[in-house]
Amino acid sequence: MIRDFLYKYYIDPILYGQPYTIVDTLTYALILILSVWLVYRGLVRFGITVDRRFVLSTIPFVVLGGLLRVVEDTGMITSDLRILLITPLIFFAVFFITIAALFISRLLQMGGFVDDYARPYGGIGILLSIAAFIVLMVWGAANTRIDPVVLVAIPAMGAITTGAVWAFLRYVLRWEYVADPLYILLIAGHMLDASATSFGIDLHPLQYVEQHVVGSALIEWTGTAFAMFPLKLAVIIPAIYILEIYRREGNTAFWHLVVLAMIVVGMAPGVRDMMRMVIYV
């Protein structure tokens with residue numbers, strides 16, 4: 001019975017790309033929460049201050065995760081190693097890449113080779129992301145097609161909606177703290193995700209589908225994928241309010257890590273969905 005349960009809710013969805021269920025969604029959410037706490041403890045022991053500099057330097061690895069997921073979508077990897085690039089295993093794969101880059105960068109700083117670990121750390125993420133992007137574009141040009149309209153339209157949608165949400169929070173609700181670059185990144189990541197989902201389901205010729213439980217139910221109920229925007233707002237606006245209360249209590253290190261985790265769950269799938277539509281996979 002346990003074996004059947006594991007295959008039904010965890011193994012088969014990974015192997016066959018099945019939609020998420022309530023069971024695996026809650027499980028992965030709990031794993032994410034636990035992982036954030038464990039990473040926080042590990043960084044403290046390693047002597048790395050979890051601050052804005054750390055978060056900003058980690059963003060390229062968030063982009064890398066979204067791009068690597070598309071590498072698996074293309075089918076260019078035919079060996080069993082491809083399973084490492086399928087959700088949720090890809091989170092662990094990117095995590096180890098990120099930790100390795102962080103470890104190397106920190107050792108360089110401790111050895112006096114660099115003044116600040118954040119520069120080589122973020123630089124490694126940028127270089128890896130550029131390499132993954134080039135691989136995908138070359139593959140798309142050779143095997144499917146490249147749609148530059150998507151590459152412009154979705155980021156534009158994300159930027160416009162991010163600006164609108166930010167202006168509402170800053171000037172209507174008068175939340176001055178949303179001027180923090182990390183809150184802006186948080187909003188931008190989720191607006192990019194909503195833009196990609198909306199475009200992919202309602203506007204793109206390939207007609208993509210939403211795999212997450214709540215999102216797919218809302219799209220089915222409203223009849224449009226643009227319903228993802230109010231869904232995102234219903235989550236991120238209260239989240240930002242609660243996060244700011246928590247920051248004012250003093251634990252800014254853990255606050256930074258939670259904000260990073262929230263950026264990841266919005267930006268990474270947004271990058272993945274957009275790149276899939278750019279190269280038609």
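Residues numbered from 1 in each chain as written. Predicted model: local features only at pLDDT ≥ 70, side-chain atom pairs only at ≥ 80, totals over all residues. Heavy atoms only, no water.

A.B. asks: Please explain the overall build of the chain as it appears in this structure.
C.D. replies: Across its full length, the chain holds ten helices and zero strands. Mapped in sequence order, the helices and strands of the chain form the string α-α-α-α-α-α-α-α-α-α. Among the 281 residues that make up the chain, the fraction classed as buried is 44%. Within the chain, counting contacts between residues at least 6 apart in sequence, those at least 24 apart form 73% of the total. Surface summary for the chain: the accessible area is close to 14600 Å², and the carbon and sulfur share equals 70%. (Helix = DSSP H or I, 4+ residues; strand = E, 2+ residues; numbered from the N terminus. Buried < 20%, exposed > 50% of the residue type's maximum accessible area, 1.4 Å probe, protein only. Contact = heavy atoms within 4.5 Å. Areas by Shrake-Rupley, 256 points an atom, 1.4 Å probe, with all protein chains shown as cover.)

A.B. asks: Would you mind showing me how to read the UniProt feature "transmembrane region" (unreviewed entry) in the chain here?
C.D. replies: UniProt feature "transmembrane region" (unreviewed entry): in the numbering of this structure it lies at residues 20-40, 52-71, 83-108, 120-142, 148-169, 221-241 and 253-271. Annotated as 100% helix and 0% strand, the span residues 148-169 places its first and last C-alpha atoms 32 Å apart. Measuring from the first to the last C-alpha atom of residues 221-241 gives 28 Å, for a span that is 76% helix and 0% strand. (UniProt positions renumbered as here; feature names shortened; annotations may be inferred.)

A.B. asks: When you look at the packing of aromatic side chains in this model, what are you seeing that I'm missing?
C.D. replies: Between two aromatic rings, the relevant description is the distance of the centres plus the angle of the planes. Under the definition given, this model contains eleven aromatic pairs. Ring centres 5.6 Å apart and planes at 20 degrees place the aromatic pair W175 and Y177 in the stacked group. Y177 matches W175 in its accessibility class, with the two residues each being buried. By the ring-pair criterion, three or more aromatic residues cluster together here, those being W175, Y177, Y183, Y241 and W255. The ring of Y280 carries the charged tip of R145 above its face, separated from the ring centre by 4.4 Å. (Phe/Tyr/Trp six-rings, centres within 6.5 Å; stacked < 30°, edge-to-face > 60°. Lys NZ or Arg CZ within 6 Å of the ring centre and 35° of its normal.)

A.B. asks: How should I be thinking about the nonpolar core in this particular structure?
C.D. replies: Across soluble globular proteins, nonpolar side chains have a tendency to be buried as a group. In terms of nonpolar packing, the biggest core is built from 70 residues, with F54, I154, L169, I240, M275 and I279 touching the most fellow members. Among the elements of the structure, α2 (22-45), α3 (52-74), α4 (89-110), α5 (118-143), α6 (148-172), α7 (181-202), α9 (228-248) and α10 (252-278) are those that each provide at least two residues to this core. A per-element tally of this core places α10 first, with 14 residues. Each of domain 1 (51-143) and domain 2 (145-280) gives at least three residues to this core. Residue contacts for M275: discarding those within four places in its chain leaves L67, V70, F133, L136 and M137. (Core = buried A, V, L, I, M, F, W, Y, C linked by side-chain atoms within 4.5 Å. Domains from an automatic or database assignment.)

A.B. asks: Looking at this structure, how should I read the packing of α6 against α9?
C.D. replies: The relative placement of two packed helices comes down to the angle between their axes together with the axis-to-axis distance. Interaxial distance between α6 and α9 falls to 12 Å at its minimum, and their mutual angle equals 45 degrees. Regarding the angle of α6 to α9, the classification is oblique. Here α6 runs over α9; the crossing is right-handed. Residues M157, T161, V165 and L169 of α6 pack against F229, L233, I237 and I240 of α9. Residue classes in the contact of α6 with α9 are distributed as seven nonpolar, one polar and no charged. (Axes fitted to C-alpha atoms, helices over the stretch in contact; angles between N-to-C directions. Parallel < 35°, antiparallel > 145°, perpendicular 65-115°, else oblique. Left-handed = near helix turned anticlockwise from the far one by under 90°. Nonpolar A, V, L, I, M, F, W, Y, C, P; charged D, E, K, R; others polar.)

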